[in-house]
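Listed below are the residues making up each chain.
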Amino acid sequence: MTTSSQSTAQAGAGGEGNKDSKGNDSKTADQQTNAQVQDNPNTMDKTGGSVPSASDSTSEANSQTSSNTGDSDSGGVGIAAAVAVNWVVSHNTASVATGVHLSATGAVDVSAVNLTTANAFALGYAGDTKLSSDTSIGAAVGLNVADITNTAVVHSDANVSSTGGNITIEAVAPTSKTDQFIVWAVAAAASKNDASVAASVGVQVLSLNTSAYVEEGVTLDTPDGITIHAQAPIGLENLAIS
């Protein structure tokens, strides 16, 4: 038996703005992230709560931004923030239930196959070609949150037998494939006189659990080989430029 799961998530966000000198309120990066999910009719009330906070992992972007958003005398303050977020939850299991007797004349495979890809790209630019703002602040936050479980298990007191073939219990990725998690956060700012601040943060919060095992009391019987195997190849890329 084989169970297969494939998850692909891609988020892209661009922010470009010119805020006037009246100091209108703006959302923090985490508020914008949560709004993208909770205010979206396709995902509203389907996430079990607020989106995990990027500021819990790092506060660099918000602290740099808030320290440079003072009053302006003439040209105003240009502010742009871009937030790209992926939140992926994938649980995949192949199992033989407790007490089951499973027999075959050939090979027996208990195989859980999982592949997950998540890409988050954020670009924030504050300013314009005329440099009309005295102060410009650009911020970009890219966030990947993944909770991935891939399990192959034969539960207690089960009996798995073959009269002529291998028994394989495995939790793996597809052949020649790799779980990929990519975050790009790029921020830029331009002003005519005073401060120009650009802050970018790339955050990866990953919980990956891959396991293959048999529980107490299990019998595996074959004249050929027995393989219990777990593998989760991972590729990570985290790029923050400002």
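Look up: the structure comes first, before these words.
Residues numbered from 1 in each chain as written. Predicted model: local features only at pLDDT ≥ 70, side-chain atom pairs only at ≥ 80, totals over all residues. Heavy atoms only, no water.

Participant: Looking at this model, I keep getting lost on the overall build of the protein chain. Mind explaining?
Facilitator: Broken down by element type, the protein chain carries two helices and 12 strands. Burial analysis of the protein chain (242 residues in total) assigns 40% to the buried set. Of the contacts made within the protein chain by residues no fewer than 6 positions apart, 85% connect residues no fewer than 24 positions apart. Accessible surface, the protein chain as shown: approximately 12100 Å² in total, 46% of it carbon and sulfur. (Helix = DSSP H or I, 4+ residues; strand = E, 2+ residues; numbered from the N terminus. Buried < 20%, exposed > 50% of the residue type's maximum accessible area, 1.4 Å probe, protein only. Contact = heavy atoms within 4.5 Å. Areas by Shrake-Rupley, 256 points an atom, 1.4 Å probe, with all protein chains shown as cover.)

Participant: How do you make sense of the sheet that holds strand β3 (residues 101–104) when you look at a structure like this?
Facilitator: Taken together, three strands build an open sheet; the order of strands is β3-β6-β10 and the sheet is parallel. In the strand order of this sheet, the two ends are held by β3 and β10 (219–221), each with one partner. Strand-to-strand twist of the sheet, defined as the mean angle between neighbouring strand axes without regard to direction, takes the value 5°. Pairing of strand β6 (residues 159–162) with β10 involves three bridges; the strand directions are parallel. In the strand pairing of β10, N159 is matched with T219. (Pairing = 2+ DSSP bridges. Axes fitted to C-alpha atoms, helices over the stretch in contact; angles between N-to-C directions.)

Participant: Would you take a moment to explain unusual backbone geometry for this structure?
Facilitator: Trans peptide bonds make up most of the peptide bonds, and negative phi angles are found at most residues other than glycine. Located in the positive-phi region is D157, a residue other than glycine, with phi close to 65°. Counting through the fold element by element, D157 comes out in the loop between β5 (135–154) and β6. In this model, S176 sits at a positive phi of 65°, which is unusual for a non-glycine residue. Mapped onto the elements of the fold, S176 is located in the loop between β7 (167–172) and β8 (179–189).

Participant: I keep staring at the side chain of T151 and nothing clicks. Help me out?
Facilitator: As for its placement among the helices and strands, T151 is situated in strand β5. With near-sequence residues (within four places) excluded, T151 lies in contact with N92, T93, A94, A112, A171, S211 and Y213.

Participant: Would you mind showing me how to read the nonpolar core here?
Facilitator: The tendency in soluble globular proteins is for nonpolar side chains to be buried side by side. V96, V110, A152, V154, V160, I169 and A212 are the most contacted members of the largest nonpolar core, which has 14 residues in total. At the level of secondary structure, the elements contributing two or more residues to this core comprise β2 (77–96), β4 (108–126), β5 and β7. Counting residues in each nonpolar core, the second largest holds eight residues, with A82, A120, A140 and V183 among its members. (Core = buried A, V, L, I, M, F, W, Y, C linked by side-chain atoms within 4.5 Å.)

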